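Structure at a glance
Each chain, written out:
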Amino acid sequence: MTVTPGSQFTSSTGIISLYNTNLSNKELFTKLGIESNDWDWLDEHTVLLSPHELQKLKKSLPNIICMGCEDEITLSDETEYVPPPASKDSNFVVEDPTDEAIIGVLDTGFDTSCYFSRWVTYENKISSVLDENITEHNRGAFSHGTFITSILHDGPRFNPDLEDGCGKFRVKHFAVATGKNDSLFTITSKIIEAVKSNPQIKVWNLSLGADEACSPDSISFLASVLDKLQSQYNVLFIVPGTNQTESSDHKFIGSPADSVNAICVNSVRFNKLPATYSRKGRTEHGSQKPDLSYFGGDSGEEIYAYFKGIRKVKGTSFAAPWIARKAAFLIHYLFFTPQMAKAFLLDSAVQWNLDLPKRKYLGYGVVPKRIEDVLSIKDDEIKICINVGASKHNNYMIRLPVPSDNDIYPYVAKAVLCYFPNTERRNGVDYTCTEVDVKIGRTYDEKSWSSAPKLKTINFDTQGEGPLPENSEKNSRKFFQKWNNSKVILERFSPRTKGKKTIGDLGWGINFVKIGRTSNTDSSIQAALLLTLKELKGRNRTDKFYLDVQKEHLLVKKIDIESQINLIHTLDQHISLS
């Protein structure tokens, strides 16, 4: 629950965010006689206070309080348990792990007696309850986490219809919650600890979500922490869109689904329509959520996971791990950056004639089941991925020798831009500190001695070209996704769509513009742009484009996706059930 300084937030322990002062906040608390220990401070501006100490702060210096939330968190639980089948662990044959990629899991406990435990490194971060033997009394503290890890390790074993071609993964599982009476501060501090101490893990699955809906006025506390971790450590979190339950009247997504850097996953039925428990996203912070959807089961068509046998489950918690598997494959086996992985996943879900405003439940769409389809390039498409390191220079242009046909560019374009900016929760809706705007289109020269080549953009983006009415802050946010760190630019087309006339001989250009609005603006930021050009006549022009790029002395590398996938499949032959 998000509160304002003037509300009666006095009945429970709270996590309080503080404004800057001339003194360090710890020194200030000492002068005010407010008791706090070092472990009560998450950082210089975030402290855990008892109701009594919070009252003392509000009486002494109320204006220092920016916002707060209750420490106790109610987690959304959508699991439907069914009795385990007759099969036992002895019916599963599993080989020893070798050097497979590792996915990080932050969840409830893990059942170390399960058949695939050799593939899992388990660390209990919070409770002696999770060190006990599993009984009917405490099984809820282990089941959810074990379900999630079973899907991450080898979900297709139980769900052959969801075979993704990604193989098996090792898992490092951190128990950060019990599922009952959990402390948000403890969960958050343990997540920070796990990410900092495991830099080799680039994909983190956090399938925990709050029952209460996110505030329309600010990013949730946990989401803001995830955003900072992703920006600072260049990792990617996969989180669920949370679930609508019979006992809940919350219709909007719950924390941390509002994390702008993470991939938020909602759930769909096998007909690709929203699951009955899906919640809607919010759009107040410049970033629309959810990002994507995947198959998480529903009543009558549940998916399967493992805990003391194979069980039916449903929920966004169980859709998220399938996306984490794909992200880990892209990052660890194809050596994509986290920004590239996010861009490819978003791109795979975006259909050419997608109605972007109507994505409250599905996000940009449903990700294909197989990793080959996430990466596929059709014969009539040219697909270019560009990694950009934006540092001191605010404005930089990349020219592309896009093939023309009789002075016509016979293409429509789709572009996905992803980057992980610094963020500041205390700024409210002005949450992201850095904006990277991308302009794509035909280049032309105005023949002026003082002007550089300009772009005729595919989406009529005129930001930065003077005080035009269409360049107002409101319009820039609405039409050009300003301050949104996951941008999708999409040209619509029909059988009657015609190509674009060439303008001189300068080809196409991509212009990146980086701006900031606070002192917390990133000095350097990594961005990934995935651009697809679809040939309107169905012709394959990829080879011509590749040769022309080499002639321009641009550094370009082909990704041999098919060979790499075949190698992974050769090394990871499934062991059948005995």
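Here, the structure is the one placed above.
Criteria and thresholds
- Residues numbered from 1 in each chain as written.
- Predicted model: local features only at pLDDT ≥ 70, side-chain atom pairs only at ≥ 80, totals over all residues.
- Heavy atoms only, no water.
- Helix = DSSP H or I, 4+ residues; strand = E, 2+ residues; numbered from the N terminus.
- Contact = heavy atoms within 4.5 Å.
- Areas by Shrake-Rupley, 256 points an atom, 1.4 Å probe, with all protein chains shown as cover.
- Core = buried A, V, L, I, M, F, W, Y, C linked by side-chain atoms within 4.5 Å.
- Buried < 20%, exposed > 50% of the residue type's maximum accessible area, 1.4 Å probe, protein only.
- Polar contact = N/O pair within 3.5 Å; in protein donor to acceptor, adjacent residues only side chain to side chain.
- Pairing = 2+ DSSP bridges.
- Axes fitted to C-alpha atoms, helices over the stretch in contact; angles between N-to-C directions.
- Arc of directions from axis to C-beta.
- Salt bridge = Lys/Arg side-chain N within 4 Å of Asp/Glu carboxyl O.
- Parallel < 35°, antiparallel > 145°, perpendicular 65-115°, else oblique.
- Left-handed = near helix turned anticlockwise from the far one by under 90°.

Describing the overall build of the chain
Scanning the chain from terminus to terminus reveals 11 helices and 26 strands. Sequence-distant contacts in the chain: of pairs separated by 6 or more residues, those separated by 24 or more amount to 80%. Taken as a whole, the chain presents about 25200 Å² of accessible surface, with 50% of it coming from carbon and sulfur.

Considering the nonpolar core
Nonpolar side chains in soluble globular proteins generally cluster together in the buried interior. Grouped together as the largest cluster of nonpolar side chains are 76 residues, with contacts concentrated most on Ile238, Tyr294, Ile323, Leu330, Leu345 and Leu375. Beyond its immediate sequence surroundings of up to four residues, Tyr294 is in contact with Leu162, Val265, Asn266, Ser267, Val268, Ala319, Trp322, Ile323, Lys326, Val367, Pro368 and Lys369. Counting 35 residues, the second largest nonpolar core, distinct from the first, contains Ala177, Ile191, Ala194 and Cys214.

A look at the environment of Glu372
Relative to the helices and strands, Glu372 is located in helix α8 (residues 371–375). Here the alpha-carbon distance between Glu372 and Gly165, two residues 207 residues apart in the chain, equals 7.6 Å. In terms of polar contacts, Glu372 uses its side chain to reach the side chain of Arg370, at 3.1 Å.

Considerations on the sheet that holds strand β12 (residues 236–240)
Spatial ordering of the open sheet is given by β8-β9-β7-β11-β12-β13-β14, a layout of 7 strands whose pairing is parallel. Each having just a single partner strand, β8 (120–124) and β14 (292–295) make up the two edges of the open sheet. Each strand of the sheet is rotated relative to its neighbour by a mean of 25°, with strand direction disregarded. Bridge count between strand β11 (residues 203–205) and β12: 3 bridges; the pairing is parallel. In the strand pairing of β12, Trp204 is matched with Phe237. Helix α3 (residues 140–154) contacts β7 (102–107), β8, β9 (170–175) and β11 of the sheet and is inclined by roughly 165° relative to β7. Strand contacts of helix α7 (residues 338–349): β12, β13 (263–268) and β14, with the helix running at about 70° to β14, the strand carrying the most contacts.

Overview of the pairing of β9
Counting buried positions along β9 yields 5 of 6 residues, so the element is predominantly enclosed. As judged from the 6 bridges shared by β7 and β9, these two strands associate in the parallel manner. Its bridge partner lying in β9, Ile102 is registered against Arg170. Pairing geometry for β8 and β9, over 5 bridges, is parallel. Directly across from Tyr122, in β9, lies its bridge partner His173.

What to know about the environment of Arg539
With respect to the secondary-structure elements, Arg539 resides in the loop between β26 (525–535) and α10 (542–551). Sequence-distant contacts of Arg539, defined by excluding residues within four places in its chain, comprise Asp379, Asp380 and Asp405.

Some points on helix α1 (residues 25–32)
All buried positions along α1 are accounted for by Asn25, Leu28 and Phe29. Angularly, the buried residues of α1 cover 100° about the axis, an arc narrow enough to put them on a single face. Turned more than 90 degrees away from the buried face of α1, the exposed residues are Thr30 and Lys31. Of the surrounding secondary structure, the elements contacted by the buried residues of α1 are β2 (14–18), β3 (41–43), β4 (46–49) and α2 (51–60).

Notes on the pattern of salt bridges
Throughout the structure, instances matching the rule amount to 27 salt bridges. A salt bridge links Arg118 to Asp96, with the nearest nitrogen and oxygen atoms 2.5 Å apart. Highlighted residues: Arg118 in the loop between β7 and β8 and Asp96 in the loop between β6 (72–73) and β7, separated in sequence by 22 residues. Residue classification places Asp96 among the partly exposed residues on the basis of a relative accessible area of 47%. A salt bridge links Lys190 to Glu193; the nearest nitrogen and oxygen atoms lie 3.7 Å apart. Residue Lys190 and its partner Glu193 are located together in helix α4 (residues 184–197), separated by 3 residues, close to a single helical turn. Take Glu193: its relative accessible area is 34%, and that puts it in the partly exposed class.

Side note on unusual backbone geometry
Of the consecutive residues Ser255 and Pro256, the connecting peptide bond is found in the cis state with omega at 5°. Of note, Pro256 is situated in the loop between β12 and β13. Its identity as a non-glycine residue notwithstanding, Lys272 has a phi of 70°, on the positive side. Mapped onto the elements, Lys272 comes out in the loop between β13 and β14. One non-glycine residue with positive phi stands out, namely Asn406, at about 55°. Mapped onto the elements of the fold, Asn406 is located in the loop between β18 (395–400) and β19 (408–409). Given the relative accessible area of 71%, Asn406 is considered exposed.

Overview of the packing of helix α6 (residues 316–332) against α7
At a minimum axis distance of 9 Å, the contact between α6 and α7 shows a crossing angle of 130°. With respect to each other, α6 and α7 are oriented oblique. Pair α6 / α7 crosses with right-handed handedness. Each of Ile323, Lys326, Ala327, Leu330 and Ile331 in α6 lies in contact with α7, whose residues at this interface are Pro338, Ala341, Phe344 and Leu345.

Thoughts on the side chain of Asp182
Relative to the helices and strands, Asp182 is located in strand β10 (residues 182–183). Of note is the side chain of Asp182, whose polar atom sits 2.8 Å from the backbone nitrogen of Thr178. Discounting residues that sit within four places of it in the chain, Asp182 has contacts with Asp71, Glu72, Ile73, Leu75, Ala177 and Ile187.

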